[in-house]
Structures are given as C-alpha cells and as structure tokens.
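# Topology and contacts: notes
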Amino acid sequence: MSMVKRRARSTQVVTGCALVAALLVAGCGGGDTDSAATTTKRSPQSTTSATTPPGDTKPAAVTVAVDDMKFAPAEITVKTGDTVTWHFADKAPHTVQGIGDKAMGLNSPIIDKGDWSYTFTVPGTYRYLCSLHPEMRGTITVQ
C-alpha cells in the first residue's frame, strides 16, 4: 500500500508542476504573443504617417530676414506651435508690430542687430509691420 500512495503522490506532484509550468508559459509567452499581435494590428490605425510625415511632429523654427528695408519672406505659412524668428541684419533699427486684434501679441522692441522670436499658438492670419518703417509689411498664416 505504501508504494501505491507514493506513486499517487508523485503523480500528483508531477501533474501539479506541469499545470504550474503550463500556466506560466501561457501567462508569459502567450500574453506577449497576443500583445504583439494586438500591437501589430493597431499600428496601422494609430499611425499618422498617412497625413503627417514622421519628421513633422516637432514644432518648426522659421526665420524671417529683416534686411534691405524689408521682411523676407514677406508671407509665410506655419503650423500652430511653430516659432518664427526675425533676424535683424539691416543698417537701420526695426520692429515687428502686429496689425489688428489678432496680431497684438506681435510686439518686438526696437532692434538693430540680433533676433526676436514669437511662437504662434492660435491659428489665423497675422499681419505685421515695422513701426519705424510702415512700408515694411509681412503676413503669417498659422494653420
């Protein structure tokens, strides 16, 4: 009788170990496989590469030259969150002054050399001029 009991216990132990091992494998390996499959299936749906190239996720930095009594380029289009930097390299001092309610945040000090930047956070059309030389004008469209 003792032999039978030993075999029964040993069979129970082996069966229990096999069950635990099977659960561990299913929990670790099976979960990863399902997770990877789910991720693979979701990737094409969640990607924005069809409408936005991967490099376009960061805000852009655009430079407008202030030289030869003009803003160059005088008209630019940027995205919300982009920063525009005016680089002053003319012999005369200039400003960047917004025109109208929409562009009132555009208000640089008088600058003769150096840079001044503004980050556009609201879509719209921003018109500006040099308050010292009103014939110098520019437009920024923020999309």
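Before going into details, it helps to say that this report is about the structure given with it. (Residues numbered from 1 in each chain as written. Predicted model: local features only at pLDDT ≥ 70, side-chain atom pairs only at ≥ 80, totals over all residues. Heavy atoms only, no water.)

In this section: the pairing of strand 1 (residues 61-67). When strand 1 meets strand 4 (residues 83-88), the two strands line up parallel, connected through six bridges. Residue pairing in the sheet places Val66 in a bridge with Phe88 of strand 4. Sheet analysis places strand 1 next to strand 2 (residues 70-72), joined by three bridges and oriented antiparallel. If you follow Val66 over to strand 2, its bridge partner there is Phe71. The turn joining strand 1 and strand 2, which pair antiparallel and follow one another in sequence, is formed by two residues; a positive phi near 55° is taken by Asp68. (Pairing = 2+ DSSP bridges. Helix = DSSP H or I, 4+ residues; strand = E, 2+ residues; numbered from the N terminus.)

Once that is clear, we can look at the sheet that holds strand 6 (residues 114-119). Taken in spatial order, the four strands line up as 2-1-4-6 in an open sheet, and their pairing is mixed. Of all the strands in the sheet, just strand 2 and strand 6 have a single pairing partner and so form its edges. When strand polarity is set aside, the average angle formed by the axes of neighbouring strands in this sheet is 25°. (Axes fitted to C-alpha atoms, helices over the stretch in contact; angles between N-to-C directions.)

A word on the pairing of strand 3 (residues 75-78). Burial along strand 3 is one-sided: Ile76 and Val78 are buried, while Glu75 and Thr77, pointing the other way, are not. Bridge count for strand 3 against strand 8 (residues 137-142) is four bridges, and the pairing is parallel. Within strand 8, the position partnered with Val78 by the bridge is Val142. (Buried < 20%, exposed > 50% of the residue type's maximum accessible area, 1.4 Å probe, protein only.)

This part is about the nonpolar core. Formed by 20 residues in total, the largest nonpolar core has its most connected members in Phe71, Trp86, Leu106 and Ile140. Those elements that provide at least two residues to this core are strand 1, strand 3, strand 4, strand 7 (124-129) and strand 8. In terms of residue count, the dominant contributor to this core is strand 4 (three residues). With sequence-adjacent residues up to four places away left out, Trp86 is seen in contact with Val64, Val66, Phe71, Val96, Leu106, Gly114, Asp115, Trp116, Tyr118, Phe120, Tyr128 and Ile140. (Core = buried A, V, L, I, M, F, W, Y, C linked by side-chain atoms within 4.5 Å. Contact = heavy atoms within 4.5 Å.)

Tallying each qualifying case throughout the model produces six aromatic pairs. Between Trp116 and Tyr118 the ring centres are 6.3 Å apart and the planes differ by 25°, which places this aromatic pair in the stacked class. A relative accessible area of 15% means that Trp116 is categorised as buried. Taking 4.8 Å as the distance between ring centres and 70° as the angle between the ring planes, the aromatic pair formed by Tyr118 and Phe120 counts as edge-to-face. Tyr118 sits in the partly exposed class, given a relative accessible area of 24%. (Phe/Tyr/Trp six-rings, centres within 6.5 Å; stacked < 30°, edge-to-face > 60°.)

Attention now goes to the environment of Ala103. Assignment of secondary structure puts Ala103 in the loop between strand 5 (97-99) and strand 6. As a C-alpha pair, Ala103 and Phe120 span 17 residues in sequence and 10.0 Å in three-dimensional space. Excluding its chain neighbours within four sequence positions, the residues that come into contact with Ala103 are Gly98, Tyr126 and Arg127.

What follows concerns the sheet that holds strand 3. Pairing between the strands of a sheet is mediated by backbone hydrogen bonds and can be parallel or antiparallel. Pairing is mixed in the open sheet, where four strands are placed in the order 3-8-7-5. The sheet terminates laterally at strand 3 and strand 5, the two strands that pair on one side only. Across this sheet, the average inter-strand angle for adjacent strands is 30°, counted without regard to direction. The pairing of strand 7 with strand 8 spans six bridges and is antiparallel. Pairing of Gly124 across the sheet is with Val142, part of strand 8.

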